[in-house]
Amino acid sequence: MGIKEIILLSIYTFYLFIWFSFNNSEHVTLLNHRLGGRCVCARMVQRRNLSGADAINALRPFYFAVHPDFFGRHPREREVNDNSLKRLNGYLENLQKPGARSPKPANLTFYVRDTKEKADSSGSLLASEFRSVTFTLQSKDVLSTVLDVLRSCSLSVEHMQDVLKDETEKSSTQQPGTAFYRPIKWDKTYYTFTGFRDPEQELEQARRVEPTLSLWLRNNESEATKKQNASLPRREELKRLKRELIQKLGLLDIRWQRKWGVAHKCSQLQSLGRLSTQSPEALHILRGHVIVFTDQSGMNASGHVMLGTMDVHHQWTKLFERLPSYRSLFQQSDWLKERISHLLGGIQVIHIERMGPALPLEELYSTLNTFHKRLFPQRLSLHPRSMQGLTMSLENDRSTPCLHEMGHFIIPTMCDTLQLQNFLQSQAQEARRRMRRKDKLEAEEEDIISSCLQDLSLHSLSKEPSVLSSQMIPCCRRLMEERSPQM
């Protein structure tokens with residue numbers, strides 16, 4: 001073998017050594033080449049890896065807690081989880097590809113559902129909501145990545161004990177003289193010379209990926225001003241169209257279920273305006289109603305007329321013809337609420353509007369009717385006015401009753417009646433305490449928003465429905481205390 005071949009083989013062997021040190025993703029490899037009677041040997045060891053199927057099985061509790069399908073009523077959180085899942089799956093796929101370079105550290109945010117009911121100090125059940133978790137992926141093998149994800153989300157790793165036990169036994173029974181895993185920390189000049197990515201530098205950049213408010217305002221102020229000035233004529237046009245249609249059709253209000261752009265909203269109002277000109281007799285029945293532009297036509301649980309933005313005028317006209325039957329169904333729903341209230345000591349049945357798809361009136365009526373039929377034969381022994389002033393909502397996807405932190409009861413449609421009675425009686429006092437706290441927080445929130453508007457010279461300050469008063473109040477305080485020059 002010539003000098004040229006020996007040099008090329010030496011470079012190749014050194015490259016493999018570097019590659020395994022960073023990726024740490026292949027099985028033990030032994031290179032044994034005889035070069036002119038001499039043996040060049042490089043041992044490379046990797047920590048135990050998982051297959052793609054093993055990783056999916058190990059992450060089942062995580063997928064169950066963050067899957068976007070469980071966040072249908074929370075579109076913002078659903079979108080965050082969907083994007084983060086795509087990045088996580090890409091990270092795992094990259095780790096399993098033979099010959100692929102180490103993925104960059106990834107900063108991920110998930111909204112994690114509390115899949116088990118939690119109890120507070122007083123023994124009352126809290127609403128099963130979700131919490132925000134942010135962590136950075138930097139592991140170089142699938143097993144470590146899976147464990148990091150589960151532990152970062154405070155999820156159990158007990159189902160992986162067999163894998164971890166095998167890993168421990170493998171490490172403890174390693175024969176003397178064999179190589180062991182030891183990460184190599186290279187000098188900074190190495191990355192400058194070779195062009196490889198510095199993992200420590202990338203990790204630091206990933207940690208700083210979340211900008212501060214001041215930095216974000218400074219980076220986006222000019223673009224926001226440009227967009228605002230460009231949209232002024234459109235927004236004035238939107239206000240004019242809305243005002244004229246409300247007056248012409250005798251509406252109480254016009255709303256939008258989703259956050260469409262100004263141009264999209266204008267086109268929807270213009271379409272309704274053309275229909276009112278072409279078929280004015282068909283729209284007389286809308287007088288006294290609230291119109292909501294949304295994804296489907298019908299009537300929602302609040303009695304508002306929903307106009308599907310993908311529907312044509314003919315479908316809207318058919319909906320207007322069915323409005324009398326919808327009104328009758330709405331009255332029957334109100335009657336069922338009164339009957340349920342009478343059977344449960346005067347508690348008021350409410351529907352809580354959330355972001356996302358609106359609840360159709362038909363679905364609300366079906367839920368109320370099912371619950372009433374289940375409740376009526378039992379004749380619970382509740383005092384007629386013992387639950388006066390309290391509120392409750394019905395949900396089909398729950399199994400146990402709970403008390404929301406804002407003071408209203410969340411009751412499963414198929415709840416056991418005896419369990420329901422005991423729960424309502426035991427938690428009535430705590431519910432009243434939380435409702436008083438909610439009223440106090442709402443008043444405090446209103447005051448602090450007014451202070452923010454005045455102190456920071458803001459035109460408006462609003463929040464999404466999913467943001468609680470207990471979150472909005474400290475947010476406004478931070479805005480005033482840590483005042484940014486851009487404000």
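Our structure's up above, just so we're on the same page.
Predicted, not measured: the structure shown is a model, and the values here were computed from it.

A.B. asks: What exactly am I supposed to notice about helix α15 (residues 469-481) here?
C.D. replies: Taking 1.5 Å as the rise per residue, α15 with 13 residues should run 18 Å; its terminal C-alpha atoms sit 18 Å apart, in good agreement. Along α15, the residues that are buried comprise S469, M472, I473, C476, L479 and M480. Down the axis of α15, the buried side of the element spans an arc of 125 degrees, and every buried residue falls inside it.

A.B. asks: Explain the sheet that holds strand β8 (residues 305-308) here, please?
C.D. replies: The 4 strands are arranged β5-β6-β8-β7 in an open sheet whose pairing can be described as mixed. Here the strands that pair on one side only, and so sit at the sheet edges, are β5 (253-256) and β7 (298-299). Taken together, the 4 bridges between strand β6 (residues 290-294) and β8 define a ladder with parallel strand orientation. Looking at β8, one finds that I291 is bridged to V305.

A.B. asks: Explain the sheet that holds strand β9 (residues 348-349) here, please?
C.D. replies: Sheet strands pair by backbone hydrogen bonding; their relative direction is either parallel or antiparallel. An order of β9-β10-β12-β11 is seen for the 4 strands of this open sheet, with the pairing classed as mixed. Taken across any chain shown, the strands that pair with only one partner, and hence form the sheet edges, are β9 and β11 (402-403).

A.B. asks: Would you explain unusual backbone geometry in this entry?
C.D. replies: With the exception of glycine, most residues fall at negative phi, and the peptide bonds are largely trans. Of note, the phi angle at S154 is positive, near 60 degrees, even though the residue is not glycine. Mapping S154 onto the fold places it in the loop between α5 (142-152) and α6 (161-172). The exposure class assigned to S154 is exposed, which follows from its relative accessible area of 58%. In the Ramachandran plot, S457 falls in the positive-phi region, its phi being about 55 degrees despite a non-glycine side chain. Inspection of the secondary structure assignment puts S457 in the loop between α14 (417-455) and α15.

A.B. asks: Mind showing me how you'd approach the pairing of strand β3 (residues 106-113) here?
C.D. replies: Note on strand geometry: in a regular strand, side chains alternate between the two faces of the sheet. Of all the 8 residues making up β3, 8 are buried; the element is thus mostly covered by neighbouring parts of the structure. Two strands pair when backbone bridges link them, and β3 and strand β4 (residues 130-137) are joined in this way by 8 bridges, in the antiparallel orientation. Pairing of A106 across the sheet is with L137, part of β4.

A.B. asks: Can you walk me through the environment of Q425 in this structure?
C.D. replies: Note that Q425 resides in helix α14. For the pair Q425 and M387, spaced 38 residues apart in sequence, the C-alpha separation works out to 8.3 Å. Look past the residues within four positions of Q425 in its chain and what remains in contact with it is S381 and L382.

A.B. asks: Quick question: what am I supposed to make of the pattern of salt bridges here?
C.D. replies: A side chain with one charge may pair with a side chain of the opposite charge, provided their charged atoms come close. Counted by the stated rule, this structure contains 9 salt bridges. With its nearest N and O atoms 2.7 Å apart, the salt bridge here joins E237 to R240. Placement of the pair is E237 and R240 together in helix α9 (residues 213-249), with a separation of 3 residues, close to one helical turn. With relative accessibility at 30%, the residue R240 sits in the partly exposed group. Its salt-bridge partner being R477, residue E444 comes within 2.5 Å of it at the nearest N-O pair. With E444 in helix α14 and R477 in helix α15, this pair connects stretches of sequence that are 33 residues apart.

A.B. asks: Explain the packing of aromatic side chains to me, please; I cannot follow it from the model alone.
C.D. replies: The description of an aromatic ring pair rests on the distance of the ring centres and on the angle between the ring planes. Inspection of every chain in the model, using the stated rule, returns 6 aromatic pairs. Judged by centre distance (5.8 Å) and plane angle (55 degrees), the rings of F62 and Y63 are tilted. We classify F62 as buried; its relative accessible area is 0%. Overall, Y63 belongs to the buried group, its relative accessible area being 19%. An angle of 20 degrees between the planes, with centres 5.9 Å apart, marks the rings of W256 and F293 as stacked. Taken as a pair, W256 in strand β5 and F293 in strand β6 lie far apart in primary sequence, 37 residues in all.

A.B. asks: How do you make sense of helix α4 (residues 75-96) when you look at a structure like this?
C.D. replies: Structural remark: α-helix, 3.6 residues per turn; residues separated by three or four positions point the same way. Between its terminal C-alpha atoms α4 stretches 32 Å, which fits the 32 Å expected from 22 residues at 1.5 Å a residue. When α4 is considered as a whole, its buried residues turn out to be E77, N81, S84, L85, L88, Y91, L92 and L95. Projection of α4 onto a plane perpendicular to its axis shows the buried side chains occupying an angular sector of 125 degrees, all on one side. Along α4, the residues that are exposed and aim more than 90 degrees away from the buried face are E79 and K86.

A.B. asks: How do you make sense of the packing of α4 against α5 when you look at a structure like this?
C.D. replies: For any two helices packed against each other, the geometry is given by the interaxial angle and the distance between the axes. For the pair α4 and α5, the least separation of the axes is 10 Å and the interaxial angle reads 160 degrees. The angle between α4 and α5 places the two elements in the roughly antiparallel class. Touching L88, Y91, L92, L95 and Q96 of α4 are V142, T145 and V149, all from α5. A breakdown of the residues in the contact of α4 with α5 according to their chemical character gives 6 nonpolar, 2 polar and no charged.

A.B. asks: Sorry if this is basic, but what is going on with the packing of helix α12 (residues 323-343) against helix α13 (residues 361-375) here?
C.D. replies: In the contact formed by α12 and α13, the axes pass within 9 Å of each other and the chain directions differ by 30 degrees. As summarised for this structure, α12 and α13 are arranged roughly parallel, according to the angle between their axes. Considering only the axes of α12 and α13, their crossing is left-handed. Across the interface between the two elements, Y326, L329, F330, Q332, S333, L336, K337, R339, I340 and L343 from α12 touch L361, E362, L364, Y365, L368, N369, F371, H372 and L375 from α13. Considering only residue class, the contact of α12 with α13 consists of 12 nonpolar, 4 polar and 3 charged.

Procedures and definitions
- Residues numbered from 1 in each chain as written.
- Predicted model: local features only at pLDDT ≥ 70, side-chain atom pairs only at ≥ 80, totals over all residues.
- Heavy atoms only, no water.
- Helix = DSSP H or I, 4+ residues; strand = E, 2+ residues; numbered from the N terminus.
- Expected span 1.5 Å × (residues − 1).
- Buried < 20%, exposed > 50% of the residue type's maximum accessible area, 1.4 Å probe, protein only.
- Arc of directions from axis to C-beta.
- Pairing = 2+ DSSP bridges.
- Contact = heavy atoms within 4.5 Å.
- Salt bridge = Lys/Arg side-chain N within 4 Å of Asp/Glu carboxyl O.
- Phe/Tyr/Trp six-rings, centres within 6.5 Å; stacked < 30°, edge-to-face > 60°.
- Axes fitted to C-alpha atoms, helices over the stretch in contact; angles between N-to-C directions.
- Parallel < 35°, antiparallel > 145°, perpendicular 65-115°, else oblique.
- Nonpolar A, V, L, I, M, F, W, Y, C, P; charged D, E, K, R; others polar.
- Left-handed = near helix turned anticlockwise from the far one by under 90°.

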